[in-house]
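Now for the letters of each chain:
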Amino acid sequence: MTKTNERLTYDNKVVLAPMVRVGTLPMRLLALDYGADIVYSEELIDWKFMRSVRRVNDVLGTVDFIDKSDGTVVFRTCDKEKDRVVMQLGTCDPQRALEVAKMVENDVAGIDINMGCPKEFSLKGGMGAALLKQPEKAKAILTTLIQNVKIPITCKIRVLPDTDATVNLVIELVSTGISAIAVHGRTKNERPQHQNRNETIKKIAESVSIPVIANGGSREIEKYSDIDKFRKECGCTSVMLARVAQGNCSIFSSRGLKPLDDVIIDYLKYAVDYDNAPSNTKYCVQNMLKELQETPRGKKFLECQTLEQICAIWNMGNYCRQKQLEYQSKGNFGRREVTP
Ligand code: FNR
């Protein structure tokens, strides 16, 4: 892979948020094509990542981290995103975080620590939003990475119920030397239907000098110009989008939303080109189709099991078959399912 020397910066950016299962390589490349400036990977758990081994995949033109025990692709990346992809890590331990960071620091542009995940799996393991209650541990993770890794380190948090407490926490985290902080304006116990606390994000942005990336606005964002509205309301220069991009990734395009079928076709092309696992591809398309899964075509789609079957619904069956034959003729390119 070619090396870039320019360090990633986080101001004036529109960012694809980290999303488990959604933020795999095809979706990240699609977001970049449509206009995203930075793309986050799905959260990758440190101890699972440590079981993987780095492999250059000459057939696909990718760098793969392959699980040593079952051969699944844990993380796949490529040159096209190298200077704009941020790997998000789920961790509660500075040394494990560092070990993973060292494994990927030449392949990604930045590393982000997830400090917002409210799921039981994360909380029980002391990861995600559990770190909001353990600022010393959170700071130790960030400091260890900043001192030993050459790419920028960031974190993504949720707000606390109290605004002043949130601002104080952020000031603490910023003192470690992080390059930016993404803030989801909901507390650990709030769900997507709750109002995002844009005012709190604004207070945070006014209190620190590093870029604050505003997140949590998907409910308020239906078209490209809404991104700017959300950005201004939060007093930030950068915005991070999750659910609205999951539904129609062309939200990043200043030329306006593309019809969903066109987005799916663009997505499937990347899924084929980068041999994305059929189950993951299906999951991502399902999240785009939403209620359209109830239509006759949607029902046919739900029966699909292979990438070729999925592609055929959007008249790309031949494209998929040709590409797979091409890859097979170049040797074993190793398609394996990614475990969720
Ligand atoms: C998420 N979110 C999330 N956050 C995170 O830090 N790491 C992750 O891996 C995930 N995974 C994930 C998966 C899916 C399917 C969704 C919908 C969300 C949370 C996400 O990044 C974001 O903070 C919230 O969705 C709020 O932003 P939006 O959706 O209002 O733009």
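Residues numbered from 1 in each chain as written. Predicted model: local features only at pLDDT ≥ 70, side-chain atom pairs only at ≥ 80, totals over all residues.

A. Examining the environment of I66 more closely. Position of I66 relative to the elements: it lies in strand β4 (residues 62-67). Exposure remark for I66: the 20 C-beta atoms within 10 Å place this residue in the buried category. In sequence terms I66 and L160 are 94 residues apart; their C-alpha atoms lie 37 Å from each other. Setting aside chain neighbours within four positions, we find I66 in contact with S52, V53, R55, G71, V73 and V74. (Helix = DSSP H or I, 4+ residues; strand = E, 2+ residues; numbered from the N terminus. Buried ≥ 20, exposed ≤ 12 C-beta atoms within 10 Å, placed from the backbone. Contact = placed C-beta atoms within 7 Å.)

B. Representation of the domain arrangement of the protein. Considered domain by domain, the protein is made up of domain 1 (14-252) and domain 2 (260-329). Here the C-alpha centroids of domain 1 and domain 2 sit 27 Å apart. With 17 residues of domain 1 in contact, the opposing surface of domain 2 contributes 16 residues. When residues of the side of domain 1 that touches domain 2 are traced back to their parent elements, those giving at least two are α1 (25-34) and α9 (243-247). With five residues, the single largest contributor to the side of domain 1 that touches domain 2 is α1. (Domains from an automatic or database assignment.)

C. Seen up close, the sheet that holds strand β7 (residues 110-115). Pairing is parallel in the closed barrel, where eight strands are placed in the order β1-β2-β6-β7-β8-β9-β10-β11. Strand-to-strand twist of the sheet, defined as the mean angle between neighbouring strand axes without regard to direction, takes the value 25 degrees. Sheet topology note: the β7/strand β8 (residues 153-158) ladder contains five bridges and is parallel. The residue of β8 that forms the bridge with I113 is C155. (Pairing = 2+ DSSP bridges. Axes fitted to C-alpha atoms, helices over the stretch in contact; angles between N-to-C directions.)

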